[in-house]
Each structure stands twice: as C-alpha cells, then as structure tokens.
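Geometric and topological summary
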Amino acid sequence: MLQITCPWCGARAESEFSCGGEADIVRPLESETLSDEAWGDYVFMRKNTKGVHKEQWFHASGCRRWFNAERDTVTYQFIRTYPIGAGASGDSHGAD
Ligand SMILES: [Zn+2]
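The structure reproduced in this document is the subject of the present report. (Residues numbered from 1 in each chain as written. Predicted model: local features only at pLDDT ≥ 70, side-chain atom pairs only at ≥ 80, totals over all residues. Heavy atoms only, no water.)

Once that is clear, we can look at unusual backbone geometry. Peptide bonds are, in most cases, trans, and in most cases residues other than glycine have a negative phi. For R64, which is not glycine, the phi torsion reads 60° and is therefore positive. Mapped onto the elements of the fold, R64 is located in the loop between β4 (52–58) and β5 (66–72). Under the relative-accessibility criterion, R64 is labelled exposed at 54%. One non-glycine residue, Y76, lies in positive phi territory at about 70°. Along the chain, Y76 falls in the loop between β5 and β6 (78–83). Residue classification places Y76 among the partly exposed residues on the basis of a relative accessible area of 32%. (Helix = DSSP H or I, 4+ residues; strand = E, 2+ residues; numbered from the N terminus. Buried < 20%, exposed > 50% of the residue type's maximum accessible area, 1.4 Å probe, protein only.)

Structure representation (structure tokens):
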C-alpha cells in the first residue's frame, strides 16, 4: 500500500489524502486587466509534467491540512512532502 508522509501526522495510507493538483499556481494580482486568454491559462492550464513535479495534497481523513509534495509521475514515488510556503529549503519529510 502506498503511504504518504503528512508533514504533521507522519506516514499514512494514501486513502486518507486527496490530490489538489499542481502546486505553486499563483493568482494574478491585477485580474481586472487580464485578457480572457491569460485568465483561462491561470484557471485551466497546467504543466502535466512527466517526471518529478510539485503538487498540493490535502490530508482529508487526518489533520485536514494542505501541504506540498514532490512526486515522480512516472514511478508514483513521493520524493518529499513539506508545508506550503516552506519552499525548497523548508522542513521536509521523505517518502516511506
Ligand atoms: Zn496530517
């Protein structure tokens, strides 16, 4: 069974989590001046990376907190998880 390491609760079964899609999507600051195409890109367009990428996860059946994870989309291996905002140098937890 795949386990995901919540930064607050530790390693838990995958069934306790929900994926929230790609991480680090920043809402445009001046949305009033954004073109329809640029707004559509922000809302709908994602990278769909093959390999390691960052995504958001929600510990729905645990602490109910969001966190980020680096995961390999080819092997499904979680490389690390970390609190949102901790970034590349933040407190991280490897996969188990
Ligand atoms: Zn948790």
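Looking now at the packing of aromatic side chains. Tallied over the full model, the rule gives five aromatic pairs. The interplanar angle of 90° and the centroid separation of 5.9 Å between the aromatic rings of F17 and F67 together place this pair among those described as edge-to-face. Here F17, found in the loop between β2 (10–13) and β3 (18–22), pairs with F67, found in strand β5; they are 50 residues apart in sequence, far enough to count as distant. Relative to F78, the ring of Y76 lies with its centre 6.2 Å away and its plane at 90°, an arrangement referred to as edge-to-face. Three or more aromatic residues joined by ring pairs make a cluster, and in this case those are W57, Y76 and F78. The ring of Y82 carries R80 above its face, with NZ or CZ at 4.1 Å from the centroid. (Phe/Tyr/Trp six-rings, centres within 6.5 Å; stacked < 30°, edge-to-face > 60°. Lys NZ or Arg CZ within 6 Å of the ring centre and 35° of its normal.)

Taken together, the protein donors to the zinc ion comprise C6 (SG), C9 (SG), H59 (ND1) and C63 (SG), at separations of 2.1 to 2.4 Å. Coordination at the zinc ion is tetrahedral, judged from the four donor atoms that bind it and the angles of 105 to 119° they form at the metal. If you list the donors of the zinc ion from N- to C-terminus, the spacing comes out as C-x2-C-x49-H-x3-C. Here C6, found in strand β1 (residues 3–6), pairs with H59, found in the loop between β4 and β5; they are 53 residues apart in sequence, far enough to count as distant. Each member of the pair, C6 as well as H59, carries the same accessibility label: buried. (Donors = N, O, S within 2.8 Å, 3.2 Å for Na, K, Ca; no water. Tetrahedral: all angles 85-135°; square planar, octahedral: opposite > 155°, others 65-115°.)

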